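# Reading the structure
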Amino acid sequence: MSLPLYFVGPWDLHPDLACVPPSPTAGTVVLIESRAKGSALPYHRKKLVMILSAMHHFAEDLRARGYTVDVVRAETYVDGIQQTIDNRGATEVHALTPREWGLAQALEKATFSVPLHLHEDGGPGGHFLLTKQEALDLLSAQKKTLRMDVFYRAMRKRFGVLMAEGKPEGGKWSYDADNRKPAKGVTPPPTSVVQPTPLTQKMMERVSRWPNHWGQVDGFDWPVTRAQALTVLSEFLDQRLPQFGDYQDAMLNGEVWMWHARLSTALNLSLLHPMELIAAVEARYAEGRAPLNAVEGLIRQILGWREFIRAVYWRQMPGMRSANHLQANRPLPKFFWEPERTKMKCMSEALSAVKTHGYAHHIQRLMILGNFALLAEVDPIEVSHWFWAGFVDAYEWVELPNVHGMALYADPSFTTKPYAASGNYINKMSNHCRGCHYKVKDKTGPTACPFNPLFWNFMVRHRELLTQNPRLSRLYGNWDRKTPEAQQEAIQTAQDFLDSLEPSDHGWSFHDDAC
Ligand code: FAD
């Protein structure tokens with residue numbers, strides 16, 4: 001009997017919400033391993049293990065529930081869908097609208113032999129809180145620069161999250177100002193390891209043999225099933241949430257996870273629903289088990305940033321990829337791929353975490369890696385490709401706006417100023433500077449922390465643009481008070497450092513739209 005076919009991508013793996021037939025006998029399901037997608041970038045091997053293992057676990061789970069499921073290896077997603085239509089004699093195809101622009105385009109343009117029905121990824125029954133159109137409408141209600149805080153307030157009201165009689169809980173919308181404590185002398189809670197299942201071990205074995213990919217499979221411990229994701233969630237709620245707010249921006253040597261949730265991968269695979277996380281966190285506050293600054297801080301990331309970023313992506317694509325507002329054009333330094341090549345302790349800590357785990361926490365992404373690439377004026381698309389390939393949670397819809405918009409100011413549509421900082425900020429928020437080869441107190445010369453001269457070099461080069469921002473224009477007073485000799489020395493130190501950077505030469509290729 002001919003039946004509809006349901007294509008489930010690895011962004012649609014929630015056991016109850018995925019786009020599958022309404023009953024096990026009402027259609028067949030296909031998951032596709034696309035060779036083009038898997039080799040589009042030199043993805044971190046742990047990311048490939050995670051995606052493959054999550055897909056295969058999902059397929060096993062569906063089969064155990066009586067569904068007919070194919071897992072197909074094909075050149076592209078489109079080829080895999082057509083092959084399965086032919087093999088199964090399918091009458092029509094259903095799928096969730098893909099989150100990445102390239103695949104969405106490919107599916108919309110594909111000429112399958114039967115009709116394709118694309119379903120909404122957000123709103124009731126979807127994996128985001130808003131439908132794509134609702135998210136875009138909420139953005140278009142804003143006039144000039146798109147503001148996350150405006151979007152977030154509207155989301156709080158719309159979903160009634162942390163609201164008390166129409167007002168924000170505790171009287172303030174954001175407790176961000178309370179969430180900037182350094183964590184010096186404090187030890188983060190231990191993190192338990194997600195044990196690889198036999199199926200995950202099989203994928204580790206498979207991926208370990210693949211050439212042209214970054215990182216190693218050893219030590220893989222990302223959640224790949226809903227049960228594992230729920231375990232990571234409950235550990236976060238019990239161990240980390242109460243201090244998540246206080247130390248949200250802190251960094252410590254040798255501490256990869258700090259008080260962070262480690263849940264972006266599970267959310268992006270749709271093993272967890274964002275409202276499930278929000279509700280669990282809000283409940284901890286209601287029970288008096290977590291303070292408001294922590295709870296609001298976490299909820300802002302999910303209800304605010306995550307939904308906002310997705311809306312911005314769809315609003316700005318495809319132009320966002322080539323956006324380069326500051327005309328940055330330096331090649332990505334080699335040490336991004338080979339962290340042992342940098343003597344900067346903060347960079348080495350963040351880069352090593354990415355190489356080992358496929359992860360660095362938010363403030364490392366923004367204020368260490370992003371800040372460095374911004375100040376060194378690295379070509380945004382090179383930075384973006386590195387993030388996309390190297391981070392286990394990176395997909396273009398979330399990586400690109402964060403890198404091009406938030407970190408590099410290459411697309412200035414939703415940030416009012418670049419997140420540029422000198423070594424002082426890093427010294428305040430971390431213990432990296434003690435024991436670093438460079439001296440954070442030195443502003444010029446070969447021992448100076450490179451962030452110091454790079455900061456002024458950047459500020460001077462973009463003075464005409466940045467001086468228009470009142471928060472930045474005040475800083476130029478500090479520069480103007482320096483003697484011409486001191487100014488010249490700072491620029492020269494920056495130039496010497498930039499000249500010493502070796503460009504990456506791995507020869508890997510990047511194909512943004514391959515799928
Ligand atoms: P926590 O710090 O504990 O935060 C909780 C959750 O909030 C995260 O799991 C995530 O789902 C959400 N969140 C927080 N900030 C953002 C944000 N700015 N955009 C979207 N979601 C957010 N996140 C990704 O999921 N994939 C990416 O590829 C990615 N690239 C980034 C690149 C840069 C340069 C920056 C500055 C941020 C990026 N982020 C990305 C956002 C954020 O850094 C990660 O979501 C977070 O570090 C994941 O770790 P966690 O789960 O421990 O998060």
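In short, a report on the structure. (Residues numbered from 1 in each chain as written. Predicted model: local features only at pLDDT ≥ 70, side-chain atom pairs only at ≥ 80, totals over all residues. Heavy atoms only, no water.)

Membership of the largest hydrophobic core comes to 173 residues, with the highest contact counts inside it found for L241, M347, L369, F372 and W386. Top element by residues in this core is helix α11 (residues 292-316). It accounts for 14 residues. Apart from residues lying up to four places away in sequence, L241 is in contact with F236, V281, R284, A290, A294, V295 and L298. Y247, A250, L252 and W259 belong to the second largest nonpolar core, which has six residues in total. (Core = buried A, V, L, I, M, F, W, Y, C linked by side-chain atoms within 4.5 Å. Buried < 20%, exposed > 50% of the residue type's maximum accessible area, 1.4 Å probe, protein only. Helix = DSSP H or I, 4+ residues; strand = E, 2+ residues; numbered from the N terminus. Contact = heavy atoms within 4.5 Å.)

It is worth spelling out helix α12 (residues 345-357) at this point. Because each turn of an α-helix spans 3.6 residues, side chains separated by three or four positions in sequence point in the same direction. With 13 residues, α12 should reach 18 Å at 1.5 Å per residue; the first-to-last C-alpha distance of 18 Å fits that figure. Within the span of α12, buried status applies to C346, M347, S348, E349, A350, L351, A353 and V354. On its buried face, α12 sits against α13 (362-375), α14 (380-390), α16 (423-429) and α17 (451-461). With its phi angle positive at about 75°, G358 sits one or two positions after the end of α12. (Expected span 1.5 Å × (residues − 1).)

The next subject is the site of the ligand. Surrounding the ligand, one finds 26 residues, the nearest of these being H260, A261, R262, Y359 and H362. One nitrogen or oxygen atom from the side chain of Q301 is found 3.3 Å from a nitrogen atom belonging to the ligand. Measuring from a nitrogen atom of the ligand, one finds a side-chain N or O atom of N402 at 2.8 Å. Protein burial of the ligand: of its 810 Å² of free accessible surface, 99% is covered by the chains. Looking at the shell around the ligand, the elements that each hand over two or more residues are α9 (264-268), α11, α13 and α15 (396-407). (Near = heavy atom within 4 Å. Polar contact = N/O pair within 3.5 Å; in protein donor to acceptor, adjacent residues only side chain to side chain. Areas by Shrake-Rupley, 256 points an atom, 1.4 Å probe, with all protein chains shown as cover.)

This brings us to the environment of K482. By the element assignment, K482 lies in the loop between α20 (476-480) and α21 (484-500). Leaving out residues up to four positions away in the same chain, K482 has contacts with W456 and Q487.

Taken together, the side chains of K184, R434, K441 and K443 define a basic patch exposed on the protein surface. The residue K184 is located in the loop between β7 (167-168) and α7 (198-208) in this model. Look at K184 and you get partly exposed, because its relative accessible area is 40%. (Patch = residues over 30% accessible without salt bridge, like charges linked within 9 Å, V, L, I, M, F, W, Y side chains within 5 Å. Salt bridge = Lys/Arg side-chain N within 4 Å of Asp/Glu carboxyl O. Lys, Arg positive; Asp, Glu negative; His and termini not counted. Charge placed at Lys NZ, Arg CZ, Asp CG, Glu CD.)

With that out of the way, let us pick up the pattern of salt bridges. Using the criterion set out here, one finds 31 salt bridges in the structure. Measuring nitrogen to oxygen at the nearest pair gives 2.7 Å for the salt bridge that ties E100 to K37. With a gap of 63 residues between them, E100 in the loop between β4 (93-96) and α4 (101-109) and K37 in helix α1 (residues 35-38) connect regions that are remote in the sequence. The class for K37 is buried, based on a relative accessible area of 17%. Residues E276 and R226 are paired through a salt bridge, measuring 2.6 Å at the closest nitrogen-oxygen approach.

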